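A look at the structure
Next come the chains, spelled out residue by residue.
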Amino acid sequence: MSEFFDAALGFPAVLFGAALLVVIGFWLLVVLGAAEHDAFPSPLTGGVPVTVPASALIATAWFVSLAGSVLVRRSVEPGGARALWSGAVLVGAALIAWGVTRLLVRRLRDLVPEQAPPSRLDFIGLTCTIRTGSVSADFGQAEVAAADGSTALVQVRCPDPGTAGRGEAGALGAGSTGLLYAFDAEGEFFWVAPYDPALDPRSAA
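The rules behind these values
Residues numbered from 1 in each chain as written. Predicted model: local features only at pLDDT ≥ 70, side-chain atom pairs only at ≥ 80, totals over all residues. Heavy atoms only, no water. Pairing = 2+ DSSP bridges. Helix = DSSP H or I, 4+ residues; strand = E, 2+ residues; numbered from the N terminus. Axes fitted to C-alpha atoms, helices over the stretch in contact; angles between N-to-C directions. Patch = residues over 30% accessible without salt bridge, like charges linked within 9 Å, V, L, I, M, F, W, Y side chains within 5 Å. Areas by Shrake-Rupley, 256 points an atom, 1.4 Å probe, with all protein chains shown as cover. Salt bridge = Lys/Arg side-chain N within 4 Å of Asp/Glu carboxyl O. Phe/Tyr/Trp six-rings, centres within 6.5 Å; stacked < 30°, edge-to-face > 60°. Lys NZ or Arg CZ within 6 Å of the ring centre and 35° of its normal. Buried < 20%, exposed > 50% of the residue type's maximum accessible area, 1.4 Å probe, protein only. Core = buried A, V, L, I, M, F, W, Y, C linked by side-chain atoms within 4.5 Å. Contact = heavy atoms within 4.5 Å. Polar contact = N/O pair within 3.5 Å; in protein donor to acceptor, adjacent residues only side chain to side chain.

**Some details on the sheet that holds strand β3 (residues 151-157)**
- In space, the five strands of this closed barrel follow the order β1-β2-β3-β5-β4, with mixed pairing throughout. Recorded for the sheet is a direction-independent mean angle of 55 degrees between the axes of neighbouring strands.
- Bridge count for strand β1 (residues 127-130) against strand β2 (residues 141-145) is three bridges, and the pairing is antiparallel. From the neighbouring strand, Thr129 faces β2, where its bridge partner is Glu143.

Structure follows, in structure tokens:
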């Protein structure tokens, strides 16, 4: 048992051991519901949250470095030769961990269902806020909020310019609410109609 602790607390296993303690603490928080597994604002790695491959990388590197350290301590006398072999174990553990993690990500990526990329068609049926003074058959812009809370400025058009001027009842003027009900792919704009904000189900949430 003392041999294990000596190797775990010695170079190079102690370097990965400190990182492994952080990983264990993080996943304990996830289990307890105090953190999310994808809490870090990092891009996905092959469709897998970055916390998963990072944890696998650190855990594998620690295990390999620990096993390598035990072998070096058993085979090489203390001194310069042992220090060189320990450095080799550090490099080898990092390379092996990298290879194992890449293989793991590939396996997990096959299990993660592909998500359809966001589309402007997702905005159809949503309400928007007009940002231009008026909306006509060939001009207008509006701000719309997506389901994830992000906002986008889109081009909008009203098929009946006669009701699009500011100041008229139900008009589409700056700050008024409109309903995106169709998308023109060729013109890359949305058809919009006046909408009463009181009818927006999201306003009651």
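**Quick notes on a nonpolar patch on the surface**
- On the surface, Phe4, Phe5 and Leu9 cluster together to form a nonpolar patch covering roughly 320 Å² of accessible area.
- Structurally, Leu9 is set in the loop between α1 (2-8) and α2 (13-31).

**Comments concerning the packing of aromatic side chains**
- In the structure shown here, the tally under the stated rule is five aromatic pairs.
- Among the aromatic residues, ring-to-ring pairing joins Phe123, Phe183 and Phe190 into one connected group.
- Seen from the ring of Phe189, Arg157 lies directly overhead, with NZ or CZ sitting 5.2 Å from the centre.

**A word on the pattern of salt bridges**
- Counting across every chain of the model gives one salt bridge.
- Arg131 is the partner of Glu143 in a salt bridge, and the nearest nitrogen-oxygen pair spans 2.6 Å. Note that Glu143 is positioned in strand β2 and Arg131 in the loop between β1 and β2, a separation of twelve residues in sequence.
- Residue Arg131 is classed as partly exposed on the basis of its relative accessible area, which comes to 46%.

**Re the pairing of β2**
- Burial along β2 is one-sided: Ala142 and Val144 are buried, and none of Gln141, Glu143 and Ala145, which face the opposite way, are.
- Bridge count for β2 against β3 is five bridges, and the pairing is antiparallel. The residue bridging Ala145 from the neighbouring strand is Thr151, located in β3.
- In this antiparallel pair of consecutive strands, β2 and β3, the connection spans five residues, and Gly149 shows a positive phi of 95 degrees.

**Some thoughts on the nonpolar core**
- Cys128, Val135, Val156, Leu180, Phe190 and Val192 are the most contacted members of the largest nonpolar core, which totals 14 residues.
- Broken down by secondary-structure element, the contributors of at least two residues to this core are β1, β2, β3, β4 (177-184) and β5 (189-194).

**Examining the environment of Thr132**
- Looking at the secondary structure, you find Thr132 in the loop between β1 and β2.
- Expressed as a C-alpha distance, the spacing of Thr132 and Ala142, which sit ten residues apart in the sequence, is 7.2 Å.
- Filtering out sequence-adjacent residues up to four positions away, Thr132 remains in contact with Phe139, Gly140, Gln141, Gly173 and Ala174.
- A distance of 2.9 Å separates a polar side-chain atom of Thr132 from the backbone oxygen of Ser134.
- A distance of 3.3 Å separates a polar atom in the side chain of Thr132 from the backbone nitrogen of Gln141.

**Some thoughts on the pairing of β5**
- As judged from the two bridges shared by β3 and β5, these two strands associate in the parallel manner. Pairing of Val156 across the sheet is with Phe190, part of β5.
- Relative to β5, β4 runs antiparallel, the two being bridged by six bridges. Across the sheet, Asp184 pairs through a bridge with Phe189, a residue of β5.

**Topic: the side chain of Ser55**
- Structurally, the position occupied by Ser55 is in helix α3 (residues 51-75).
- For Ser55, a relative accessible area of 13% puts it in the buried group.
- Look past the residues within four positions of Ser55 in its chain and what remains in contact with it is Val23 and Trp27.

**Side note on unusual backbone geometry**
- Between Phe11 and Pro12 the backbone carries a cis peptide bond, its omega angle lying at 5 degrees.
- Along the chain, Pro12 falls in the loop between α1 and α2.
- One non-glycine residue, Glu188, adopts positive backbone phi at about 55 degrees.
- Counting through the fold element by element, Glu188 comes out in the loop between β4 and β5.
- You can call Glu188 partly exposed: its relative accessible area is 46%.

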